[in-house]
Amino acid sequence: REKALVREAPAFPGKLLAATRALTDARQRLFGGSEGVASTAALAREVGAVLRSAGVSLEQLDARPDTTLGGGIRQLTIEVRGEGDFEGILSGLSALESAHRLLRVSRLEIVAGATGSPFQNVAASALPGVEVLAFAATVSGYALAAPDSASGAPTTATARGSSATVRPASGRAP
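Residues numbered from 1 in each chain as written. Predicted model: local features only at pLDDT ≥ 70, side-chain atom pairs only at ≥ 80, totals over all residues. Heavy atoms only, no water.

Focus on the overall build of the protein chain
Then step 1. In terms of helices and strands, the protein chain carries four helices and six strands.
Then step 2. Ordering the α and β elements of the protein chain from the N terminus gives α-α-α-β-β-α-β-β-β-β.
Then step 3. For the protein chain, the residues scored as buried account for 32% of the 174 residues in total.
Then step 4. Relative to all contacts within the protein chain whose residues are 6 or more apart in sequence, the contacts with residues 24 or more apart total 70%.
Then step 5. Total accessible area on the protein chain is roughly 10500 Å²; 55% of this is exposed by carbon and sulfur atoms. (Helix = DSSP H or I, 4+ residues; strand = E, 2+ residues; numbered from the N terminus. Buried < 20%, exposed > 50% of the residue type's maximum accessible area, 1.4 Å probe, protein only. Contact = heavy atoms within 4.5 Å. Areas by Shrake-Rupley, 256 points an atom, 1.4 Å probe, with all protein chains shown as cover.)

Remarks on helix H3 (residues 36–53)
Then step 1. Its 18 residues give H3 an end-to-end C-alpha distance of 26 Å, which sits within 8% of 26 Å, the value for a rise of 1.5 Å per residue.
Then step 2. Two residues or fewer past H3, Gly55 is found with a positive phi of approximately 90°. (Expected span 1.5 Å × (residues − 1).)

Re the pairing of strand E1 (residues 57–69)
Then step 1. Across 10 bridges, E1 lies against strand E2 (residues 73–84) in antiparallel orientation. By the bridge assignment for E2, Thr67 is matched with Gln75.
Then step 2. A loop of three residues connects E1 with E2, the two strands running antiparallel in sequence, and Gly71 in this loop sits at a positive phi of about 75°. (Pairing = 2+ DSSP bridges.)

Re the sheet that holds strand E3 (residues 103–112)
The strands that make up a sheet are held in pairs by hydrogen bonds between backbone atoms, and each pair lies either parallel or antiparallel.
Then step 1. Strand order in this open sheet of four strands is E1-E2-E4-E3, and the pairing throughout is antiparallel. Each edge of the open sheet carries a strand with a single partner, namely E1 and E3. Across the sheet, the mean angle separating the axes of adjacent strands is 15° when strand polarity is ignored.
Then step 2. Here H3 sits on the sheet and contacts E1, E2, E3 and strand E4 (133–144); the angle it forms with E2, its principal contact strand, is near 35°.
Then step 3. The strands touched by helix H4 (residues 86–97) within the sheet are E2, E3 and E4, with E3 carrying the most contacts at an inclination of about 175°. (Axes fitted to C-alpha atoms, helices over the stretch in contact; angles between N-to-C directions.)

Here we look at the pattern of salt bridges
Then step 1. On inspection of all chains with the given rule, the structure shows five salt bridges.
Then step 2. Between Arg101 and Glu46 there is a salt bridge, with its nearest N and O atoms 3.6 Å apart. Of this pair, Arg101 sits in the loop between H4 and E3 while Glu46 sits in helix H3; the two residues are 55 residues apart in sequence, bridging distant segments of the chain.
Then step 3. Take Arg101: its relative accessible area is 23%, and that puts it in the partly exposed class.
Then step 4. What makes Glu46 partly exposed here is its relative accessible area of 23%.
Then step 5. Linked by salt bridges that have partners in common, Glu79, Arg107 and Glu109 make up one network. (Salt bridge = Lys/Arg side-chain N within 4 Å of Asp/Glu carboxyl O.)

A closer look at the packing of aromatic side chains
Then step 1. Applying the stated criterion across every chain, the model contains zero aromatic pairs.
Then step 2. Here Arg101 stacks its cationic end above the ring of Phe31, 5.1 Å away from the centre of that ring. (Phe/Tyr/Trp six-rings, centres within 6.5 Å; stacked < 30°, edge-to-face > 60°. Lys NZ or Arg CZ within 6 Å of the ring centre and 35° of its normal.)

So, the side chain of Thr77
Then step 1. Secondary-structure assignment places Thr77 in strand E2.
Then step 2. Taking the relative accessible area as the measure of exposure, Thr77 reaches 11% and is therefore buried.
Then step 3. Engagement of the side chain of Thr77 in a polar contact is seen with the side chain of Ser140, the distance being 3.2 Å.
Then step 4. Those residues in contact with Thr77 that lie beyond four places of it in its chain are Thr40, Leu43, Asp62, Ala63, Arg64, Thr138, Val139 and Ser140. (Polar contact = N/O pair within 3.5 Å; in protein donor to acceptor, adjacent residues only side chain to side chain.)

Brief notes about H4
Then step 1. A rise of 1.5 Å per residue sets the reference length of H4, with its 12 residues, at 16 Å; its end C-alpha atoms lie 17 Å apart and thus fit the reference within 8%.
Then step 2. Taken together, the buried positions of H4 are Gly88, Ile89, Gly92 and Leu96. When H4 is viewed along its axis, its buried side chains cluster within an angular range of 100° and face the same direction. Residues of H4 that are exposed and point more than 90 degrees away from the buried face comprise Phe86, Glu87 and Glu97.
Then step 3. Of the surrounding elements, those touching the buried residues of H4 are H3, E2, E3 and E4. (Arc of directions from axis to C-beta.)

Below, the structure is given as structure tokens:
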């Protein structure tokens, strides 16, 4: 075993360089910031910008508590509510899928803009002949975990006029 290791030693610098490049590429797809608030706000800004550029109107962006995953990665999660036509919502989902950042849509609800729906702000002034659909989605992004990220204190994230208070997993105020 040791002899095989010595034989492969000349290839180590090249393998280290390839691994470093792969890590750098992967890191660029993560959200920056060692603070959960900053990372979650960046996620909300990016998701909001992507959906708005697809012609979707956003009603609400709410931050959810971060989850620490294995390998020093934090999962950042937001809840998004909005409205648009079918093409706009589909374009928004496609744009999220192909975004530079690593994003995951884990839940998506789409309902017709009927009165009495859980989506109370569906546009009453919709274009004639175009059905406005309301949607709700859970979108996650990923960031590197900060060494001291286990404080559990509530934080507030703000993204373009929307704000949300993120509380510890218990959901109670400190």
